[in-house]
Amino acid sequence: MTPADIRRQVVVEELDLSVDGRLAVVARRSVRGNRYVTHLYAILLDVGRVGRPRRLTSGTIRDARPRLSPDGARLAFVRTDPTDDDQPASIVLLELRTGAQRVLRHRGYGSVGEVAWSPDGSRLAFTADVDPPRFLVGSVPPADASPRRSGKTGGKDEPTPLARRITRVDWRWDGDGHLDRWSHLFVVEPRPGAIPRQLTTGDWGASDIAWSPDGASIAFAADPRPEADLRPRTTIWEVAVDDAAHGAGSTEPREVMAAGGFASHPAWSPDGRWLAAIGVLDPEMLDDDSPTILVGPADGSAAPWALAPDLDRPIGNWADTDLNGWMVSGRPGPYWLGGDAILTTVTDRGRSHPVRFELDPDTGAARNRPTAVPRDVPGPWSDATSHALGVAANGTIAVLGTLDTRAMELMTLDADASGRPRWTTRSTLGSAWQRRYLGTDMRRVDAPGPGGPIETWIASPPGAGDAALPTVVDIHGGPLGAWAPAPHVEVSLLVAAGYRVILPNIRGSASYGQAWIRPQLGVWGGPDADDVHAAIDHVVRLGLADPDRLGLIGLSYGGFMVHWLIGTSDRFRAAVSENGVANQVSSWANSDSGAEYTRASLMGDPLSPEGVDHLWQQSPLRNVRAIHTPLLLFQAESDLRCPPQDNEQLFVALRHLRRTVEYVLYPEESHVFSSSGRPDRRIDRMTRMLDWFDRYLRGEPVPEKRRV
């Protein structure tokens, strides 16, 4: 595999199931020219082991968030035009029998975010950007000319605003740019000429919509508190549908699940009595508080409770692999299995699997401990990651996920000839592109560390044996990430170029429990750095890594660790950081989420001399004079999570010290552009990465074919 092969990668990244469990619809992303396109495919689940997919959409489009109608006859989804950033995302209705498509006309709203069918299929709920604008001053375009997703103003059909008068700290978000408009809740009948009705309004946004079983109301996540920008905390709200027929927002929403920390992704029990959600109860939640399943009465008459308070593992897929694309969030649930069980995805030790939570339908109290579904599955399922989950009314369970090093595919829970449960792969849409390459050998070891065994993956070229190779240590982001059995594309590229890659899940990594995260809080560059060195030492002792040819790479928090390690150690011969952190003092305000991020990680704040000192103690910039390792800095120019201002401080300081350093800026790109940025920029980034390590770990000139 070479960097240019990034254009061959495809990702099956979204999933929906029909109510009867006979049909799945998935979204498949691929590269066309220098853009990403996403098309929808239908896969029958009641025939054969691998369903033959039927392509539903085509063209230079991106079709996302597929939702099948309750009768299985129609499909609603959200369409964006990758060639026109000024065109709002729209709802499209597709008749599955005939293939006929109809775009719902925009009127009074901007880009659509998500859609959901009512239980009887007579209405669609959706979220969309609305007026009035939050901060725009002067020449202000209407909402339907200013798509929130692009984060851009001043397009060819859109006047440039005179100014932005900022009064809250939530005016921006990475990947979205300026949040000039809130997204609110609408309903519409899926027929020609139907006019959408707006159900919510206000200086806040609505998301995670879910219909009640009787179709009378909709639950959603929101944070309407006046100072929500300072301590964001969504809770679950409900709004009646039909009572709002006489005007936008005429029925006031009411809070029905007031979790102390936060609550999101509401789901009603089949009888409408209970609400389940993903959240945290502790109002002072920190990074070591894993989101869990919350349950409470749907009328909000009592505070919610955790269904498994001792689970100590996060709900959702927290495993790091860009074989899932990183362009959309998977649907982890919760899904109700009848009235006495809930299914959701849980991440444990870098693997994410469906887990069943049982409860008493009369009291909502937990029954038994959560169990994996199924408990014991033969084969390599333990090294899988479930990115998206689907559950049908008949009990059919499907996932989109990786399996070992294979890219994501559709899998369903079936039974083998003896009746034992097993996961059956139902598609080849997402992984066929991998067949032309040799692949990556992934070996798991437990490296002895000062805080306990460090689960570490070692990625090697096939057939490399036990020879000591030039080795690159890859630090995941977060720090609440965790390396998965499926490698990042950059790992596959390094392996194909003859390197070994060490992937340690150091202290601070999510999915290993609170006790593994807590020691790292407020002491970045302490226990986490010790664990990186311990993992390297172990691989060197195994004879697999050449201690004189060690490199280092990391993104985001991983970029922080690159900066920290080369400022406190001389063992690395080359380093590559991407969108990292150099100065915690300035990033507190420069980052879109810096203030809350540093609070939850106990890093401090710059509002007192003591707070400034604590942040500075965790800033790699304070060690800049000790940095002698050749450093290549990648930076997305439009990154709002770890913005350029931070890493430029490190670059300028190193340049003044006459150290070996390069700084490469990629315009228009956001935080995780290495996995989801424009293809030619990803290729350029990967090529420069390989060139850098070849130059300083091998002392080799850049291969001619790679320059081309």
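Higher on the page you've got the structure.
What this report covers is the structure whose coordinates are included nearby.

The rules we used
- Residues numbered from 1 in each chain as written.
- Predicted model: local features only at pLDDT ≥ 70, side-chain atom pairs only at ≥ 80, totals over all residues.
- Heavy atoms only, no water.
- Helix = DSSP H or I, 4+ residues; strand = E, 2+ residues; numbered from the N terminus.
- Buried < 20%, exposed > 50% of the residue type's maximum accessible area, 1.4 Å probe, protein only.
- Contact = heavy atoms within 4.5 Å.
- Core = buried A, V, L, I, M, F, W, Y, C linked by side-chain atoms within 4.5 Å.
- Salt bridge = Lys/Arg side-chain N within 4 Å of Asp/Glu carboxyl O.
- Axes fitted to C-alpha atoms, helices over the stretch in contact; angles between N-to-C directions.
- Parallel < 35°, antiparallel > 145°, perpendicular 65-115°, else oblique.
- Nonpolar A, V, L, I, M, F, W, Y, C, P; charged D, E, K, R; others polar.
- Pairing = 2+ DSSP bridges.
- Expected span 1.5 Å × (residues − 1).
- Phe/Tyr/Trp six-rings, centres within 6.5 Å; stacked < 30°, edge-to-face > 60°.
- Lys NZ or Arg CZ within 6 Å of the ring centre and 35° of its normal.
- Polar contact = N/O pair within 3.5 Å; in protein donor to acceptor, adjacent residues only side chain to side chain.

What follows is about the side chain of Ser675. Secondary-structure assignment places Ser675 in helix H9 (residues 673-676). On the basis of relative accessible area, Ser675 is assigned to the buried category, the value being 3%. Residues in contact with Ser675, not counting those within four places in the same chain, are Arg29, Tyr36, Asp322, Gly325, Trp326, His488 and Arg682.

Counting residues in hydrophobic clusters, the biggest one holds 39 residues, and the most contacted among them are Leu552, Leu631 and Leu650. Contributions of two or more residues to this core are made by strand S35 (469-475), helix H3 (527-541), strand S37 (545-555), helix H4 (557-568), strand S39 (631-636), helix H8 (644-656) and strand S40 (661-666). Tallying contributions element by element places H4 first for this core, with seven residues. Excluding residues that lie within four positions of it along the chain, Leu631 makes contacts with Val562, His563, Ile566, Ala575, Val576, Ser577, Leu650, Leu654, Thr660, Val661, Glu662 and Trp692. Counting 37 residues, the second-largest nonpolar core is a separate cluster that includes Trp433, Leu493, Phe673 and Ile683.

All right, on to unusual backbone geometry then. The linkage connecting Asp131 with the following residue, Pro132, adopts the cis geometry, with an omega of 5°. Cis geometry marks the peptide bond from Gly478 to Pro479; its omega dihedral reads 10°. You will see that Asp404, though not glycine, has its phi angle at about 55°, which is positive. Assignment of secondary structure puts Asp404 in the loop between strand S30 (397-403) and strand S31 (406-415).

In the structure shown here, the tally under the stated rule is 38 salt bridges. The shortest N-O distance in the salt bridge between Arg22 and Asp46 comes to 2.8 Å. Here Asp46 lies in the loop between strand S3 (35-44) and strand S4 (54-55) and Arg22 lies in the loop between strand S1 (11-17) and strand S2 (23-32), a separation of 24 residues in the sequence. The exposure class of Asp46 is partly exposed, given its relative accessible area of 40%. When the shortest N-O distance is used, the salt bridge between Glu455 and Arg351 registers 2.8 Å. Taken together, the residues Glu455 in strand S34 (residues 454-460) and Arg351 in strand S27 (residues 351-359) connect sequence positions 104 residues apart. Classification of Arg351 as buried rests on a relative accessible area of 10%. If you follow the salt bridges from partner to partner, you end up with Arg349, Arg351, Asp383, Arg444, Asp446 and Glu455 in one network.

In contact at an axis separation of 11 Å, H3 and H4 are set at 75° when each is read in the N-to-C sense. Between H3 and H4, the angle is such that the two are roughly perpendicular. Residue-level contacts link Asp528, Ala529, Val532 and His533 of H3 to Tyr557, Phe560, Met561, Trp564 and Leu565 of H4. For the contact of H3 with H4, a count of residues per class yields seven nonpolar, one polar and one charged.

Looking now at the sheet that holds strand S23 (residues 292-297). Taken in spatial order, the four strands line up as S21-S22-S23-S24 in an open sheet, and their pairing is antiparallel. Sheet topology places strand S21 (262-268) and strand S24 (305-306) at the edges, where each strand pairs with a single neighbour. In the sheet, strand S22 (residues 274-280) pairs with S23 via six bridges, with the strands oriented antiparallel. Among the inter-strand pairings, Trp274 is bridged to a residue of S23, identified as Pro297.

The end-to-end C-alpha distance of H4, which contains 12 residues, comes to 16 Å, matching closely the 16 Å that a straight helix rising 1.5 Å per residue would cover. Within H4, 11 of the 12 residues are buried, which leaves it mostly tucked inside the rest of the structure. Among the residues of H4, those classed as buried are Tyr557, Gly558, Gly559, Phe560, Met561, Val562, His563, Trp564, Leu565, Ile566 and Gly567.

The subject of this paragraph is the packing of aromatic side chains. For the coordinates displayed, the defined rule picks out 17 aromatic pairs. Ring plane angle 75° and centroid distance 5.0 Å describe the contact between Trp524 and Tyr557, whose orientation is recorded as edge-to-face. Placement of Trp524 in the loop between helix H2 (514-517) and H3 and of Tyr557 in helix H4 is noted, with a sequence separation of 33 residues between them. Through successive ring pairs, a cluster of aromatic residues spans Trp524, Tyr557, Phe560, Trp564 and Tyr597. Cation over ring: Arg641 sits above Trp173, and NZ or CZ is 4.6 Å from the ring centre.

Time to look at the environment of Glu578. Counting through the fold element by element, Glu578 comes out in strand S38 (residues 574-578). For the pair Glu578 and Val664, spaced 86 residues apart in the sequence, the C-alpha separation amounts to 9.5 Å. When residues no more than four places from it in sequence are discounted, the contact partners of Glu578 are Gly554, Leu555, Ser556, Gly559, Phe634, Phe673, Ser674 and Arg685. Engagement of the side chain of Glu578 in a polar contact is seen with the side chain of Arg685, the distance being 2.5 Å.

Glancing now at the pairing of S1. In terms of burial, S1 is a largely internal element, seven of the seven residues being buried. Pairing between S1 and S2: six bridges, direction antiparallel. By the bridge assignment for S2, Glu14 is matched with Ala27. What sits between S1 and S2 in their antiparallel hairpin is a turn of five residues, with Gly21 showing a positive phi close to 75°.

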